[in-house]
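Overview (structure and organization)
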Amino acid sequence: MSNIASGHARTLIAIYISVLLIGCLFGITMPLLSLRLELMGASKSINGLSAAIGVSSMLIMAPFIPRILSMLGTKTTMVLACLVASLALSLFPLFPDIFLWFPIRLIFGLALTALFTCSETWLNLSVPAKNRGLMLGLYGTILSVGFSLGPFLLGLTGMEGSAPFTMAASMTMMAGFAIFLLTKNTKTETPDKTSGLVLLWLRHPTPFLAAFLFGGIETGIFTLLPVHATMAGLEAAAAAQLLVAVGVGNVAMQLPIGWLADRVNNRLLLGLCALSGLAGGIALLVLDVGSPVMMGWLVFWGGAVVGFYTVGLSMLVKTSPAELIPSMNAGFLTMYGLGAVTLPSASGLAMDYAGLLGLPIILILICASYLMLLSWRWWRQSQINQRQRP
């Protein structure tokens, strides 16, 4: 029994090491690659296209993860992903060419997606259903901490030369080595036709659309909230501080939300998250964006929006058989990626045409639409329950 418990603990340590690494890599590479491309003479559109490659790699890779895990297993997949990510990071300073960085960034993104999806799947397979919400909350908290550590580590090496890439590549190799030492390889069951992503999306629209909303809102806020704030008259430095408030909420509220996900009706929690998102859009319309009240609201809002991911994934996997969990995770991450691509684009267009009204209107529309879906599915389920009563 003690050997089993020890092995389980080592697996969880490896999973949380990997998610800390993922957060750090996101926090390092997003500003690093954007700034280096600009210094290399890339236009704003080329820089934006390069960033889109990172999200696109998520859409490309995630659907293949269930099949890869059934063939290679969890440990092998994660160690290989660390090796490939480390190699890609090492290639950036060796080939300082704008267009060569596109395929390198795609390879790096594919490896990072494999690491992310596999670690999340492995976590859901390793913990009992009754504790998955709390453990996912801890997973998300560590991811956010890693994301916050990334820029700090980047400040230690600076943006120039090969040092930041070497640091990131070394961290990735060390994480891969830790995973290799701590864990045993576990192959998942081969996915069948019932685990196709589109079929899963149609069967479980509520949690999957929660991932879509989270991807869109999170990416849109981190990308466009500073732009909205500068349009409202804030200076760039003050506008950037708004994201600090959102980040604090991300870190602080994931564990409490995960704990609640194990004890409270998940549809109710998702409804509260949607109401918070709706209220956030209204707040952008009526509050002074630079006021202390707005900063305090953003802390709460940043945490509440994270609930879409934590509660949605917990709702999806807690009643799923083990053989479907890899496909559920892959589908969830794919929907997150779709939201991260489409909703910020829609918000940007809305801001072009409607100015300060653009971002709040999109937030209000998508959260209100999700609330309507939740209400309709609750009503439909109540009708079915009434018909089934003797």
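Here the residue numbers are simple positions, counted from 1 along each chain's written sequence. Thresholds applied to this predicted model are a pLDDT of at least 70 for local features of residues and 80 or more for the giving and counting of side-chain atom pairs; totals over whole chains, interfaces and linings are not thresholded and use all residues. With hydrogens and water stripped out, all remaining heavy atoms of the structure feed into the side-chain values.

Some words on the overall build of the protein
Our working rule: Where helices and strands are cited, they refer to DSSP runs of H or I of at least four residues and of E of at least two residues respectively, numbered from the N terminus. Radius of gyration: C-alpha atoms only; globule rule: 2.2 Å multiplied by the number of residues to the exponent 0.38. For every residue, the accessible area (1.4 Å probe, protein chains only) is compared with the maximum for its type, and the residue is labelled buried under 20%, exposed over 50%, or partly exposed between those bounds. Should any heavy atoms of two residues lie within 4.5 Å, those residues are considered in contact.
Looking only at helices and strands, the protein features 14 helices and zero strands. Mapped in sequence order, the helices and strands of the protein form the string α-α-α-α-α-α-α-α-α-α-α-α-α-α. On C-alpha atoms alone, the protein measures out to a radius of gyration of 21 Å, which is about the 21 Å that the 2.2 N^0.38 rule sets for 390 residues. For the C-alpha atoms alone, the extent of the protein along its principal axes is close to 75 × 55 × 35 Å. For the protein, the proportion of its 390 residues judged to be buried stands at 52%. Contacts in the protein between residues at least 24 apart in sequence constitute 84% of all its contacts with a sequence separation of at least 6.

What about a nonpolar patch on the surface?
To keep it simple, the criterion reads: Candidates for patches are residues over 30% relative accessible area with no salt bridge; among them, like charges are joined within 9 Å and nonpolar side chains (Val, Leu, Ile, Met, Phe, Trp, Tyr) within 5 Å. The protein chains shown are the only cover counted for residues, whose accessible areas, like all others here, come from Shrake-Rupley with a 1.4 Å probe. Whenever a carboxyl oxygen of Asp or Glu lies within 4 Å of a side-chain nitrogen of Lys or Arg, that contact is scored as a salt bridge.
A cluster of nonpolar residues, I282, L285, V286, L287, V293, L357, I361 and L365, forms a patch on the protein surface that exposes about 700 Å² of accessible area. Counting residues per element, the ones that place at least two in the nonpolar patch are α11 (266–286) and α14 (358–388). The biggest single contributor to the nonpolar patch is α11, with three residues. On the secondary structure map, L287 appears in the loop between α11 and α12 (292–317). Accessibility expressed as a relative area gives 31% for L287, which makes it partly exposed.

With respect to the packing of aromatic side chains
Spelled out, the test is: Two rings from Phe, Tyr or Trp (for Trp, the six-membered ring) form a pair when their centres are within 6.5 Å of each other. A pair whose planes differ by under 30 degrees is stacked, one over 60 is edge-to-face, and the rest are tilted.
Under the definition given, this model contains 12 aromatic pairs. Between F208 and F332 the ring centres are 6.3 Å apart and the planes differ by 45 degrees, which places this aromatic pair in the tilted class. With F208 in helix α9 (residues 205–231) and F332 in helix α13 (residues 325–354), this residue pair connects regions lying 124 residues apart in the sequence. Considered together, F208 and F332 belong to a single accessibility category, that of buried residues. Plain terms: the ring middles of F214 and Y336 are 5.7 Å apart, the flat faces sit at 40 degrees to each other, and that makes the pair tilted. Highlighted residues: F214 in helix α9 and Y336 in helix α13, separated in sequence by 122 residues. Note on accessibility: F214 and Y336 belong to one class, buried. What links up through ring pairs into an aromatic cluster is the set F208, F214, Y309, F332 and Y336.

Some thoughts on the nonpolar core
The nonpolar side chains of a soluble globular protein tend to be buried with one another. Convention followed: The term nonpolar core refers to a set of buried residues drawn from Ala, Val, Leu, Ile, Met, Phe, Trp, Tyr and Cys, joined through side-chain atoms within 4.5 Å.
L123, F308 and Y370 are the most contacted members of the largest nonpolar core, which has 114 residues in total. The dominant element in this core, judged by the number of residues it contributes, is helix α1 (residues 2–39), at 13 residues.

So, the confidence of the model for the protein
Low-pLDDT portions of the prediction should not be read for the details of their coordinates. Definition in use: A residue's pLDDT is the confidence the predictor assigns to it, expressed on a 0 to 100 scale.
Across the protein, the average pLDDT comes to 86, with 95% of residues at or above 70. Element-level mean pLDDT values for the protein span from 78 in helix α2 (residues 44–61) up to 94 in helix α4 (residues 74–94).

Let's talk about the side chain of K75
Topologically, K75 is positioned in helix α4. Those residues in contact with K75 that lie beyond four places of it in its chain are W122, I179, F180, T183, K184 and N185.

Topic: α4
Stated formally: Working rule for helices: expected span equals 1.5 Å times residues minus one.
A rise of 1.5 Å per residue sets the reference length of α4, with its 21 residues, at 30 Å; its end C-alpha atoms lie 31 Å apart and thus fit the reference within 8%. For α4, the full list of buried residues reads T74, K75, T77, M78, V79, A81, C82, A85, S86, A88, L89 and F92.

Description of the environment of T77
Here is the rule: Residues adjacent in sequence count toward polar contacts only when both atoms are side-chain atoms; beyond that, a polar contact is any pair of N or O atoms within 3.5 Å, and within protein one must be able to donate a hydrogen and the other to accept it.
Residue position: T77 is located in helix α4. Distance from T77 to I65, taken between C-alpha atoms, is 9.1 Å for residues 12 residues apart in sequence. For T77, the contacting residues outside a window of four places in its chain are I68, L69, L72 and C118. Within polar-contact distance, the side chain of T77 engages the backbone oxygen of G73 at 2.6 Å.

A short note on the side chain of T172
If you trace the backbone, T172 turns up in helix α7 (residues 163–182). Contacts of T172, omitting those with residues within four sequence positions, involve L21, L25, C82, A85, S86 and L89.

Digging into helix α6 (residues 132–157)
Filter applied, for reference: The seven residues ending at a residue and the seven starting there each receive a fitted axis; the angle between those axes is the bend at that residue.
With 26 residues, α6 should reach 38 Å at 1.5 Å per residue; the first-to-last C-alpha distance of 37 Å fits that figure. Along α6, the sharpest change in direction is near 25 degrees and occurs at G150; proline P151 comes one to four residues later. Positive backbone phi, at 80 degrees, marks G158, one or two positions downstream of α6.

Considering the packing of α11 against α14
We count it as follows: All axes are obtained by fitting lines to C-alpha atoms, using only the stretch in contact for helices, and the reported angles, taken between N-to-C directions, cover 0 to 180 degrees. In what follows, roughly perpendicular refers to angles from 65 to 115 degrees, roughly parallel to angles under 35, roughly antiparallel to angles over 145, and oblique to any angle outside these ranges. Crossing chirality is assigned from the near helix's rotation relative to the far helix, an anticlockwise turn below a right angle marking it left-handed and a clockwise turn marking it right-handed. Amino acid classes used here: Ala, Val, Leu, Ile, Met, Phe, Trp, Tyr, Cys and Pro are nonpolar; Asp, Glu, Lys and Arg are charged; the rest, including Gly, are polar.
Where α11 meets α14, the closest approach of the two axes is 8 Å, and the angle between their N-to-C directions is 155 degrees. When the axes of α11 and α14 are compared, the pair comes out roughly antiparallel. Two packed elements cross with a definite hand, and for α11 against α14 that hand is left-handed. The residues of α14 that touch α11, namely those facing R267, L270, G271, A274, L275, G277, L278, G281, I282, L284 and L285, are L359, P360, L363, I364, C367, A368, Y370, L371, L374 and R377. In terms of residue class, the contact of α11 with α14 is built from 16 nonpolar, three polar and two charged.

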